[in-house]
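If you want the building blocks of each chain, they are given just below.
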Amino acid sequence: MKAVHFGAGNIGRGFIGYLLSKSGYDLTFVDISAELVGNLNRLGTYKVVSLGGEKKEETVGEIRAVGLNEEAGLNKAVEDADLITLSIGANHLKDTGKVLRDALQERRSRNPERPLDVIACENALFATDLLRESVEEGATEDFRNYLRKEVGFPNCAVDRIVPNTSVQKESPIDVAVEDFYEWDVESAKVKVNSRIQGVNYVENLAPYLKRKIFLLNGAHALISYAGYRKQYQFVHEAIRDPEILTAVREFHSEAARALHLEYGMGESDLKQYSEKLIARFQNPYLKDELTRVGRDPVRKLSNNDRLVSPLLMCEKHGVECGGILYAIASGFAYDFADDPKAVEIQKSIRENGIENAVQRFTGLEKSGKLVLGIAERYRQIIGKE
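Quantities reported herein were computed from a predicted structural model and do not represent experimental measurements.

1. Some points on the packing of aromatic side chains
(1) Moving on: For the structure on display, the rule yields 10 aromatic pairs.
(2) Moving on: Judged by centre distance (6.1 Å) and plane angle (45°), the rings of F15 and Y181 are tilted. You can see F15 sitting in helix α1 (residues 10-22) and its partner Y181 sitting in the loop between β10 (175-178) and β11 (182-186), a full 166 residues away along the chain.
(3) Moving on: With centroids separated by 5.9 Å and ring planes inclined at 65°, the aromatic side chains of Y228 and F336 adopt a geometry described as edge-to-face. With Y228 in helix α7 (residues 206-229) and F336 in the loop between α14 (322-332) and α15 (340-352), the pair connects residues that are 108 residues apart, well separated along the chain.
(4) Moving on: Relative accessible area serves as the criterion here: at 23%, Y228 is assigned to the partly exposed category.
(5) Moving on: Taken together, F15, Y18, Y181 and W183 form an aromatic cluster joined through their ring pairs.
(6) Moving on: In this arrangement the basic side chain of R211 is found over the ring face of Y273, its NZ or CZ atom lying 3.9 Å from the centre.

So this is what it looks like as structure tokens:
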């Protein structure tokens, strides 16, 4: 079995590529960085260092890589693949979908009846659906029929913290990860790849996906933005602050209650998941920088992402949401000067006021109680009345 993974960054190497290699796939990475592609091809293997109670090392290889702009090499890799996965950042799915469409059209001309699966492994809700929309955009009906028949597009939920830690590495492509991972995949949409080691195949992905996006990614963002205001550097430092820990527990409690009411998820199970996450956040070996976790607040504050989505679910079910409002307000108070998206938000607040900025970036109704609640907490955070 052959797999192609778009995005040879830390997640690609330390999580998806790691599991695909353990599952016996012949693995090819695709990346835009010529330097990274060169290193992958030159070295051929890399180590994954797991950081938990003890340090463990595993070797991934033999692997190869091709540049995103190397059309012939990319087309050949896609032509021969049984599985295509991506971890490129949700913002890049649309553009990469166009590249993938061209490669799939070439594959169709050579292997018209060979099935494969395409899975977008991103911290976003139903990311594979977004990718598929881009692949199908402007396509002929014949090509759409080919995709429906031969290409599975299952959504997934992925969970592994892969920080930019300074752990000692033997080569430039070695990667350090936490010792926990979870990868949930929609079983009904899978064509051929139903036995990937470490994957949990589920009939209904939505509860797993939203549990992870809300309780992990949402709380992670809260820790980043609140911790930055208090001048912490790392997640494990910020979560030990009593005020931030209380805020995370409040956020978790509200989001978990909404998930229980929406999907019938067990409240005790959600509580255990929350406690496990908090323990993971406290892992000192990761040294996960707050500015890495909080980067691109424009995306993280958008209507269908980790902060506003649980807020809307709480509103739907009449759940108190003060903790989530505080988390969103903290995102608007995040003024890290080296993050262009944070700068964009601060410029909008200065020029148009906080209410207008909240409405613009969250898509919430400007005069509604949620926007007013966010604005009120924002002013409290930055010390204004």
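Next comes the rest of the account.
2. Side note on the packing of helix α9 (residues 242-263) against α14
(1) Moving on: α14 packs onto α9 with a crossing angle of 120° between their chain directions and a minimal axis gap of 7 Å. Here α9 is positioned oblique relative to α14, judged by the angle of their axes. The two elements α9 and α14 cross, and the hand of that crossing is left-handed. Residues A247, E250, F251, E254 and A255 of α9 form the contact with α14, whose participating residues are G322, G323, I324, Y326 and A327.
(2) Moving on: Here the residues of the contact of α9 with α14 are counted per class, giving six nonpolar, two polar and two charged.

3. A short note on empty space enclosed by the protein
(1) Moving on: Summed over the entire model, instances satisfying the criterion amount to one cavity of 30 Å³ or more.
(2) Moving on: Contributing to the lining of the largest cavity are I161, H220, V235, H236, R280, F281, N283, L286 and D288.
(3) Moving on: Sorting the residues of the lining of the largest cavity by element identifies α8 (235-238) and α10 (267-281) as the ones contributing at least two each.
(4) Moving on: Across the lining of the largest cavity, the residue classes break down as four nonpolar, three polar and two charged.

Conventions used here
- Residues numbered from 1 in each chain as written.
- Predicted model: local features only at pLDDT ≥ 70, side-chain atom pairs only at ≥ 80, totals over all residues.
- Heavy atoms only, no water.
- Phe/Tyr/Trp six-rings, centres within 6.5 Å; stacked < 30°, edge-to-face > 60°.
- Helix = DSSP H or I, 4+ residues; strand = E, 2+ residues; numbered from the N terminus.
- Buried < 20%, exposed > 50% of the residue type's maximum accessible area, 1.4 Å probe, protein only.
- Lys NZ or Arg CZ within 6 Å of the ring centre and 35° of its normal.
- Axes fitted to C-alpha atoms, helices over the stretch in contact; angles between N-to-C directions.
- Parallel < 35°, antiparallel > 145°, perpendicular 65-115°, else oblique.
- Left-handed = near helix turned anticlockwise from the far one by under 90°.
- Contact = heavy atoms within 4.5 Å.
- Nonpolar A, V, L, I, M, F, W, Y, C, P; charged D, E, K, R; others polar.
- 1 Å grid on protein atoms, 1.4 Å probe; cavity = no way out; pocket = protein on both sides within 12 Å on 5 of 7 lines; lining within 4 Å.
- Points joined across faces, edges and corners; volume = space filled by probe spheres on them.

Remember, this is a structural readout, not a statement about activity or role.
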